[in-house]
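This is what each chain is made of:
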Amino acid sequence: MPATVVILGGSFAGLHVAHALLKKNIKDLKVVLVSKNSHFYWNLASVRRIIPGVLKDEDIFKPIAQALKKYPESSYEFIVGTAEEADFDAKSVRITTASGESKSLSYDQLVIATGSHTAGGVPWKAEGSYEEVVDLLKATEEKVKAASHIVVAGAGSTGIEVAGELGYEFGKTKEIVLLSAGEKLINGDQIAGPAANELKKLNVKIQYNARVAETRPSAADPAKTEVVLANGETVTTDLYLPTMGLIPNTGYVPAKYLNENKLVEVEDTLRVKGTSNVWAAGDVISKPRAGFMITQKQAAGVSKNLELVLAGKEPIVAKPLPMDILACSVGRSRGAGRMNTFKLPSFGVYLAKGRTMGLNMMPGYIDGSVA
Ligand SMILES: Cc1cc2nc3c(=O)[nH]c(=O)nc-3n(C[C@H](O)[C@H](O)[C@H](O)COP(=O)(O)OP(=O)(O)OC[C@H]3O[C@@H](n4cnc5c(N)ncnc54)[C@H](O)[C@@H]3O)c2cc1C
């Protein structure tokens, strides 16, 4: 009887684990990958895809079925579907497939890799199906084109990158405003000052201590949005792009396995606390924070431990990334970043990240060479 590993989520974490297991050609193992998205989404480039005419959908989406095609058909199953409810005692997950069919999947080992999303109908993550994300990107691109005034809310790395892309393309022709809830960008991280300087060069207006309390259609012109700040001020804009707050996609996970932020609680082996055969990696843990390189390292840790437990051995502590790299691209020629506390030069961040938005790394995720 083959062992079944069910992986939920086909992005940085889930696809990595699938490749890692299938590459090993483990005897009597069946890998079942379930993802809402039929395509792997290089979401790091979403901030640039909304700028008219710069990137195409084909550049940032690749079919997952194609990525797995090289493995023997009997060794895996790829299902486009959504996990609705997991029962860790019964070792089963109820899913709804893309065609609307409800199915129960039994597993021996389960991997939770369903990531997170940002609220507010923005395309920074694959919240919906592939078709829905493509449509949302296109609609956002059209709105960017038409707007004269754009408000980007949230001054974390995504907010800085969105404002940077808009400032680079439209800093001289549209008004771009970045709202920061605090008195510094990116929660006062060391890169706050350099990032603010780069944004100013692109004519992005940064408004500090500007926490969004509410948004509503303008009474005078319902096509516009009124952004009401906690300090009572109202900013009226043609386009409101929120970037704050990552919401974990863990609604199907029983509450007792989640912490107060709805993130999955794991041991240092990346096994979910209180279980013997459920694992998690990536933004569903967000530990030490959400990041694709952290996710990749965790996916490698989960894969290694699955291999061990499938061979009847004990799991080992998953190694963290040896250093903390934080790099924000700011437009298509500059950036701000650090490696631990070592400041990275602006042009260096552009060369390492902003030039390609990491798209040069995407083939490795598709052909499985990263795993
Ligand atoms: C604009 C932007 C730029 C970024 N830039 C960087 C960067 O430069 N460096 C860095 O380290 N990190 C960066 N990140 C963070 C990085 O994107 C995340 O850490 C990474 O995407 C996490 O991968 P994941 O596989 O855990 O989850 P996700 O990428 O969130 O993917 C989750 C997958 O699960 C699917 N899914 C969701 N719910 C279900 C369900 N119920 N059933 C089945 N499937 C489901 C989703 O459709 C998706 O395919 C950036 C993030 C954003 C938003």
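Residues numbered from 1 in each chain as written. Predicted model: local features only at pLDDT ≥ 70, side-chain atom pairs only at ≥ 80, totals over all residues. Heavy atoms only, no water.

Another point: unusual backbone geometry. Lysine 287 connects to proline 288 through a cis peptide bond whose omega is 0 degrees. Here proline 288 is to be found in the loop between β18 (278–280) and α8 (292–310). Unlike most non-glycine residues, leucine 270 shows phi in positive territory, near 75 degrees. Of note, leucine 270 is situated in the loop between β17 (246–248) and β18. Overall, the relative accessible area of 7% leaves leucine 270 in the buried class. For methionine 357, which is not glycine, the phi dihedral falls at a positive 55 degrees. By secondary structure assignment, the location of methionine 357 is in the loop between α9 (346–354) and α10 (362–367). Using a relative accessible area of 1% as the deciding quantity, one classes methionine 357 as buried. (Helix = DSSP H or I, 4+ residues; strand = E, 2+ residues; numbered from the N terminus. Buried < 20%, exposed > 50% of the residue type's maximum accessible area, 1.4 Å probe, protein only.)

We now examine the UniProt feature "domain: FAD/NAD(P)-binding" (unreviewed entry) in the protein. Listed under "domain: FAD/NAD(P)-binding" (unreviewed entry) in the UniProt record, and renumbered for this structure, are residues 4–288. Each end of residues 4–288 is marked by a C-alpha atom, and these two atoms are 30 Å apart; helix forms 23% of the span and strand 30%. (UniProt positions renumbered as here; feature names shortened; annotations may be inferred.)

Side chains that differ in charge, positive against negative, can pair when their charged atoms come close. All told, the structure shown has 21 salt bridges when counted by the stated rule. For glutamate 165, the salt bridge is made with arginine 48, and the minimal N-O distance between the two is 2.9 Å. Placement of glutamate 165 in helix α6 (residues 157–170) and of arginine 48 in helix α2 (residues 46–49) is noted, with a sequence separation of 117 residues between them. Take glutamate 165 and arginine 48: they sit in the same class, and that class is buried. The shortest N-O distance in the salt bridge between arginine 332 and glutamate 169 comes to 3.0 Å. You can see arginine 332 sitting in the loop between β19 (325–330) and β20 (334–339) and its partner glutamate 169 sitting in helix α6, a full 163 residues away along the chain. (Salt bridge = Lys/Arg side-chain N within 4 Å of Asp/Glu carboxyl O.)

Quick look at the site of the ligand now. As a matter of local geometry, the ligand sits amid 34 residues, with Ser11, Lys125, Asp283, Phe292 and Lys353 nearest to it. In the environment of the ligand, an oxygen atom lies 3.2 Å from a nitrogen or oxygen atom belonging to the backbone of phenylalanine 12. The contact in question runs from an oxygen atom of the ligand to an N or O atom on the side chain of lysine 353, over 2.4 Å. In the complex, 91% of the free accessible area of the ligand, which totals 1,000 Å², lies under the protein chains. Elements represented by at least two residues in the shell around the ligand include exactly α1 (12–23), β2 (29–35), α2, β5 (76–87), α6 and α8. Considering only residue class, the shell around the ligand consists of 13 nonpolar, 16 polar and five charged. Each of two domains, domain 1 (3–119 + 246–319) and domain 2 (130–244 + 325–354), supplies a minimum of three residues to the shell around the ligand. (Near = heavy atom within 4 Å. Polar contact = N/O pair within 3.5 Å; in protein donor to acceptor, adjacent residues only side chain to side chain. Areas by Shrake-Rupley, 256 points an atom, 1.4 Å probe, with all protein chains shown as cover. Nonpolar A, V, L, I, M, F, W, Y, C, P; charged D, E, K, R; others polar. Domains from an automatic or database assignment.)

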